[in-house]
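# Observations on the model geometry
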Amino acid sequence: MNDEINIILGGPQGGGIDTSMSVIVRGLGRSGYGVIAEREYFSNIAGRHSYAHIRIKSSEIPLSIRYPVQLLASLDAETIFVHYKDVEEGGILIYNKSDEEKKLSEIVSLEESMREKISKELEEKGISDKVSSLLSFLENERKIKLVSFNYNEILRRIAEMHKLPLSYMSRYLSSILVGAVWSVLELNLDDLMYSYSIQFKGRSDRVQHNIELVKEVGKIVKTNNAHIKLEPGKLKGSKRLIVSGNDIVAIGKIVGGERFESYYPITPAVDECLLLERLAYSKFQDNNLGNLLVLQTEDEIAAATSAIGAALAGVRSSTSTSGPGFDLMAESISFAGMNEVPFVITFYQRAGPSTGMATRGGQGDLFTAIFSGHGEFARVVLSSGDHTEAFYDAIEAFNIAEKYQLPVIHLLDKFLANTLSVIPIPELEKVSIERGIIVNDTKNYKRFDLSSLISPRAFIGSNSVMWYTGDEHDEIGHISEDPENRKKMYEKRIKKLELVSKETPEDKKLSIYGSENFDFLLLGWGSVKGASVEAIKELKSEGMNGAYINVKMLWPFPSEEVKKYLKISEDIIAIDYTYDSLISKLVKMSSGINIEKSIVKYNGRPITIDEVKKSIKLILEKREKRVVLEHGA
């Protein structure tokens, strides 16, 4: 019996891989399993290769993906060529029998560089470029169990059963992969039916068609005796959420009191905004929670400025974007810094520069978030390492913004945004709302009162009169270039960061995982957390005593808190998704400590547990200084 199973579903973009992943994860969650699923896809709408990597654990919620996989389920020949090396010896491969005669040279959607790479690998192994030749190698040399059947024949049988046109059944093609996974793992069909009923709410006909399809696939799997024994899920009985990173940030914003969200559609931020739109039109109206306005603007400049306007009117507001969109917001952020506007920017990083790889991940925007805009002004930058952190951080971003009256940037990345995970329901008793110093009606109101770093805040539309300008101003808000006034206002704004550093508890600045008496220390931020924490845990069982520091507040950087841990060990390793190990540069700039060892990845694909473990060993045992990770299709 296996406590853990890893699966890849692969097929063309637009072929239903994302839907199949959601159906499987939801069904597994209901069956009591811990699941995490990461999705990789090209930036075109349809046709290019996409895949979902699903990791299942029976006893706990996994934090990251790992290789090799025990099951590969493919919709097309390209998936077989691209992922055949990812299947462990003795694993299972599900494929369409009609793909057997297809050749590598005939796959038009494959990038030429990838085709050349695979062709060279096959040639070195003495394999022709035909799928059947590769399958023979996998079966004979790597003992992989092959399960093939005619996908169109399965669809035809279901179409005849329900008197449907065969062309209509093409929308059910990816459910063949769902059926394969469910049958190979011998899971409860009721849980899958529940998942389909959620996916196709109000469409009982689609639920029935999909279940019939799954049963047909199950018969073939059973005939081939293709099964993987998975221990029963041990998480039944506890309430959990199944959410993507985009989902949980949206939920966190709602709980945190957001009432205005602006956006211009950009990957991967748009999924969060679309969920907020659906919530605005349903849950809020149904439950009398107040008004939520979600506004799609003409560009990112308008998105930022409208959010600033909403904040000045007293509403908790934010805008969500990615790197190229954030660049356009720089002037607006400077305006917010000058005018001490409490608004939030949810910033989902992707692989740049420029458009870069719009649907791939990276962390190259670290310094952009910290230093964007002209002139010096205070802003706070928060980073989330997983879905649960993202929920609380979305709320904390609003609290900090309003308490200290400054812009807050919540920095996430594509990997977290597009990863689906089963998580415990957040504990609402841990949530608090801090709106800062708010006044409703004042005489002789000074919006930028210099008597303290944090001035009383009245809203536009109240009985108080106030002025806002992009220019330097006096306490009232009138333009002023007086040097003495300039010095006082400048200091008032920037010294807020000292207050943030002083008043924020350590556990909101960073968290540490692993051994208290560690021999080596891994330091990172954002979504590298999952793979790092699990790698540290597994290395412990191998006699390697380490810890991982997850930096949550990137600006103002928690120098003293970080230095306290870095001084314990000489073996310090930085890890992130950048070429130059930007987190190392931030540590050196802020604390003076030079981290010489690093693990970096910048090919746009996620860091895995196996890569982290191997890299730590290379650094500690082989004394490597820098390890560049390369895995990923």
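Residues numbered from 1 in each chain as written. Predicted model: local features only at pLDDT ≥ 70, side-chain atom pairs only at ≥ 80, totals over all residues. Heavy atoms only, no water.

Per an unreviewed UniProt entry, the recorded name for the chain is 2-oxoacid oxidoreductase (ferredoxin), and the organism is Fervidicoccus fontis. If you open the UniProt record of the chain and go to Catalytic activity (unreviewed entry), you find "a 2-oxocarboxylate + 2 oxidized [2Fe-2S]-[ferredoxin] + CoA = an acyl-CoA + 2 reduced [2Fe-2S]-[ferredoxin] + CO2 + H(+)". (UniProt positions renumbered as here; feature names shortened; annotations may be inferred.)

### Some details on the layout of surface pockets
Reported here for the largest pocket is a volume of approximately 1500 Å³. What lines the largest pocket is a set of 35 residues, and nearest its centre among them are Arg-26, Ile-242, Val-243, Asp-247 and Leu-275. Among the elements that make up the lining of the largest pocket, the one with the highest residue count is helix 1 (residues 17-30) (seven residues). Here the lining of the largest pocket spans two domains, since at least three of its residues come from each of domain 1 (4-224) and domain 2 (242-430). In this structure, the second largest pocket spans a volume of roughly 680 Å³. (1 Å grid on protein atoms, 1.4 Å probe; cavity = no way out; pocket = protein on both sides within 12 Å on 5 of 7 lines; lining within 4 Å. Points joined across faces, edges and corners; volume = space filled by probe spheres on them. Helix = DSSP H or I, 4+ residues; strand = E, 2+ residues; numbered from the N terminus. Domains from an automatic or database assignment.)

### Examining the pairing of strand 3 (residues 49-57)
Along strand 3, nine of the nine residues are buried, which leaves the element largely enclosed by surrounding structure. As defined by bridge partners, strand 1 (residues 4-12) adjoins strand 3 across nine bridges and the pair is classed as antiparallel. In the strand pairing of strand 3, Gly-10 is matched with Tyr-51. Across seven bridges, strand 2 (residues 34-40) lies against strand 3 in antiparallel orientation. Paired with Ala-37 across the strands is Ile-54, a residue of strand 3. (Buried < 20%, exposed > 50% of the residue type's maximum accessible area, 1.4 Å probe, protein only. Pairing = 2+ DSSP bridges.)

### Comments concerning empty space enclosed by the protein
Under the criterion given, the structure shown has one cavity of 30 Å³ or more. By volume, the largest cavity amounts to about 40 Å³. If you trace the largest cavity, you find it lined by Gly-337, Glu-340, Phe-377, Ala-378, Gln-405, Leu-406, Pro-407, Arg-493 and Lys-496. Counted by class, the lining of the largest cavity contains four nonpolar, two polar and three charged residues. (Nonpolar A, V, L, I, M, F, W, Y, C, P; charged D, E, K, R; others polar.)

### Considering helix 21 (residues 559-566)
Of all eight residues that make up helix 21, six are buried, and the element is covered over most of its length. Those residues of helix 21 that are buried lie in contact with strand 15 (510-514), strand 16 (520-525), strand 17 (546-551), strand 19 (571-576) and helix 22 (582-591). (Contact = heavy atoms within 4.5 Å.)

### Considerations on the nonpolar core
Buried together is how nonpolar side chains tend to be arranged in soluble globular proteins. Grouped together as the largest cluster of nonpolar side chains are 60 residues, with contacts concentrated most on Val-408, Leu-554 and Leu-566. It is helix 12 (residues 300-312) that provides the largest number of residues to this core, a total of seven residues. Dropping the residues within four chain positions of it, Val-408 is found in contact with Phe-343, Val-344, Ile-345, Val-380, Leu-382, Ala-397, Ile-400 and Ala-401. Ranked by size, the runner-up nonpolar core spans 54 residues in total, among them Ile-54, Leu-187, Val-217 and Val-422. (Core = buried A, V, L, I, M, F, W, Y, C linked by side-chain atoms within 4.5 Å.)

### Here's the deal with the pattern of salt bridges
Counting across every chain of the model gives 56 salt bridges. Across the pair Glu-503 and Lys-403 runs a salt bridge, and its minimum N-O distance is 3.7 Å. Here the residue Glu-503 occupies a position in helix 19 (residues 496-503), and Lys-403 occupies one in helix 16 (residues 387-404), the gap between them amounting to 100 residues. Judged by its relative accessible area of 27%, Lys-403 falls in the partly exposed class. Residue Glu-472 is joined to Arg-493 by a salt bridge in which the shortest nitrogen-to-oxygen separation is 2.8 Å. Placement of Glu-472 in the loop between strand 14 (419-424) and helix 18 (483-494) and of Arg-493 in helix 18 is noted, with a sequence separation of 21 residues between them. Neither residue differs from the other here; Glu-472 and Arg-493 are each classed as buried. (Salt bridge = Lys/Arg side-chain N within 4 Å of Asp/Glu carboxyl O.)

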